[in-house]
Amino acid sequence: MTPTSSGLKFPDLDTSKRGYWAPVFLSPILGSPERFVIAVAVVSDSGFHIEQANQMRRLTCLYGRDAETALFAAEVALEELHISLAERGKAALVEGAIVFSGVTLGSISEGEARSLERLGKTWMSALSSLYRFNPNPLENELDERNDVSSIDHLPTLVLDHVFNIDPIVANKFSEEIRSNRRRRSSSAIAGISIDFNGSRLVANLATLQSSATALAVDRIKRKMFDLKVRRDKDGGLLEARDHEIILFTPPLDIAFINEKQTDRIDDALGSLREQSTNEGLGFLALGAVHDIGGRIIKSESSHALST
């Protein structure tokens, strides 16, 4: 193989995969030409891959609290793109599958690499300031198990809000969230995972995307199961604590939520609310990070005043 001037090598033609790819742009400020590459979508006759930005938290350094809307829009848009590619393949790229305000598809190009995933990684590395390429095979394996689409930014966003108001309460978030480390897959975790473990409230936080895929709903149900286990362990305590699953849901009247997505949210909320009732857990669905943070702060403040 012939090395390029950058030290990279072209793949062997007999082992490479050819596909079509397009960047996915996010414009955090509507009407502004400023935009970021948040993913590269790759598709071929044999399948597709979406290589997503794995450093999206950098947006909070630029936009502060205003970044939460952009992060949510990106998450919803990429999930919808996943569905469109699964249903229509290359046609989804050609037709411009993403229709959300502030999220658009770029021009389609043709490329070749050892796999569709590698093609996506290569172009994300070249195009996006919100992406970190990891050449270590072992760490890449961990990244794949922790696919970015399964990472929920909500707990960290809520932590940031609570910390600005009451650092003492913020200290009751899990050490994993406070250190801003990526969660491992649940199969790799021994025991249960609790986002907030306060004096009066025990809570797990999760985002309910508008597409309400099985992956998102299953993730929420696993968090509900962890809460149930925690509650059962708390059964012998003298003072009972509330155990709640708190969901972030988008306002249903915003521009990038259509009627189909509204129905998905309603159906998922109904199912999850029913299950939480059956398990004896509290259930709360709110449309803003500061409202979720306020719920947590209020619960702990009330406890402090009563003691």
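Residues numbered from 1 in each chain as written. Predicted model: local features only at pLDDT ≥ 70, side-chain atom pairs only at ≥ 80, totals over all residues. Heavy atoms only, no water.

Chemist: Outline the overall build of the chain, listing residues and values.
Modeler: Looking only at helices and strands, one finds 11 helices and 9 strands in the chain. Looking at the 307 residues of the chain, the share that counts as buried comes to 46%. A separation threshold of at least 6 residues defines the contact pool for the chain, and within that pool the share at least 24 residues apart is 68%. As displayed, the chain has an accessible area near 15700 Å², and 52% of this comes from carbon and sulfur atoms. (Helix = DSSP H or I, 4+ residues; strand = E, 2+ residues; numbered from the N terminus. Buried < 20%, exposed > 50% of the residue type's maximum accessible area, 1.4 Å probe, protein only. Contact = heavy atoms within 4.5 Å. Areas by Shrake-Rupley, 256 points an atom, 1.4 Å probe, with all protein chains shown as cover.)

Chemist: Could you give an account of the sheet that holds strand β7 (residues 201-207), with specific residues and numbers?
Modeler: The 4 strands lie next to each other as β6-β7-β8-β9, forming an open sheet whose pairing is mixed. Two strands lie at the open edges of the sheet, namely β6 (196-197) and β9 (282-286), each paired on one side alone. One ladder, built from 5 bridges, connects strand β8 (residues 242-248) with β9; its direction is parallel. Within the sheet, the bridge partner assigned to Glu-244 lies in β9 and is Gly-282. Across the sheet, helix α6 (residues 154-165) lies against β7 and β8, angled at about 125 degrees from β7, the strand it touches most. (Pairing = 2+ DSSP bridges. Axes fitted to C-alpha atoms, helices over the stretch in contact; angles between N-to-C directions.)

Chemist: Pulling in residues and values, what's your account of the pattern of salt bridges?
Modeler: On inspection of all chains with the given rule, the structure shows 12 salt bridges. Here Glu-95 makes a salt bridge to Arg-88, at a shortest N to O gap of 3.1 Å. The network of salt bridges with shared partners includes Arg-200, Asp-242, Glu-244 and Arg-295. (Salt bridge = Lys/Arg side-chain N within 4 Å of Asp/Glu carboxyl O.)

Chemist: Go over the environment of Arg-241 with me, naming the residues and quoting the values.
Modeler: In this fold, Arg-241 is placed in the loop between α9 (214-233) and β8. Exposure remark for Arg-241: the relative accessible area of 16% places this residue in the buried category. Here the alpha-carbon distance between Arg-241 and Asn-197, two residues 44 residues apart in the chain, equals 9.6 Å. Dropping the residues within four chain positions of it, Arg-241 is found in contact with Asn-197, Gly-198, Ser-199, Arg-200, Val-202, Arg-230 and Asp-234.

Chemist: Outline the nonpolar core, listing residues and values.
Modeler: Core analysis: the biggest nonpolar cluster contains 58 residues, and Ile-38, Met-56, Leu-59, Val-158, Phe-173 and Leu-205 have the highest contact counts within it. Counting residues per element, this core draws most heavily on helix α2 (residues 67-88), at 10 residues. Sequence-distant contacts of Leu-205, defined by excluding residues within four places in its chain, comprise Asp-152, Leu-154, Pro-155, Val-158, Phe-173, Asp-195, Lys-223, Ile-246, Ile-292 and Ile-296. Core analysis: the next-biggest nonpolar cluster, separate from the first, contains 16 residues, Leu-208, Leu-227, Ile-265 and Leu-272 among them. (Core = buried A, V, L, I, M, F, W, Y, C linked by side-chain atoms within 4.5 Å.)

Chemist: Tell me about the packing of aromatic side chains, and name the residues and values.
Modeler: Taken as a whole and assessed by the stated rule, the structure comprises 4 aromatic pairs. Ring plane angle 20 degrees and centroid distance 4.4 Å describe the contact between Trp-21 and Trp-123, whose orientation is recorded as stacked. Of this pair, Trp-21 sits in strand β1 (residues 17-26) while Trp-123 sits in helix α4 (residues 116-127), and the two are 102 residues apart along the sequence. In this structure Trp-21 comes out as buried when scored by relative accessible area, which is 6%. Ring centres of Phe-72 and Phe-248 lie 5.1 Å apart, and the angle between their planes is 80 degrees; this geometry places the pair in the edge-to-face category. A residue pair is termed long-range when its members are at least 10 positions apart, and Phe-72 in helix α2 and Phe-248 in strand β8 qualify at 176 residues. Phe-248 sits in the buried class, given a relative accessible area of 8%. The ring of Phe-25 has Arg-35 sitting right over it, with the charged end atom 3.7 Å from the ring centre. For the cation-ring pair, Lys-90 lies above Tyr-20, with the distance from its terminal atom to the ring centre recorded as 3.7 Å. (Phe/Tyr/Trp six-rings, centres within 6.5 Å; stacked < 30°, edge-to-face > 60°. Lys NZ or Arg CZ within 6 Å of the ring centre and 35° of its normal.)

Chemist: Lay out the confidence of the model for the chain with the relevant residues and their values.
Modeler: The predicted model of the chain has a mean per-residue pLDDT of 77, with 75% of residues at 70 or higher. Looking across the chain, the model is least confident in helix α5 (residues 137-145), with a mean pLDDT of 42, and most confident in β6, with 95. Considering only residues more than four positions removed or in separate chains, one finds that residues 1-14, a stretch of pLDDT under 50, has 15 contacts. (pLDDT = per-residue confidence, 0-100.)

Chemist: Explain α6 to me, and be specific about the residues and the numbers.
Modeler: Here α6 is 12 residues long and its end C-alpha atoms lie 17 Å apart, about the 16 Å a rise of 1.5 Å per residue gives. Those residues of α6 that fall on the buried side of the exposure criterion are Leu-154, Pro-155, Thr-156, Leu-157, Val-158, Leu-159, His-161 and Val-162. (Expected span 1.5 Å × (residues − 1).)

Chemist: Can you tell me about α4, naming the residues and giving the values?
Modeler: An α-helical turn contains 3.6 residues, so any two residues separated by three or four positions project in the same direction. An ideal rise of 1.5 Å per residue puts 16 Å on 12 residues; α4 measures up with 17 Å between its terminal C-alpha atoms. Listing the buried residues of α4 in full gives Leu-116, Leu-119, Gly-120, Lys-121 and Met-124. Among the structural elements, β1, β2 (36-44), β3 (47-52) and β5 (109-113) are those in contact with the buried residues of α4.

Chemist: Kindly report on the side chain of His-161, identifying the contributing residues and their values.
Modeler: With respect to the helices and strands, the residue His-161 is situated in helix α6. His-161 has contacts with Arg-65, Val-289, His-290, Gly-293 and Gly-294, leaving out every residue within four places of it along the chain.

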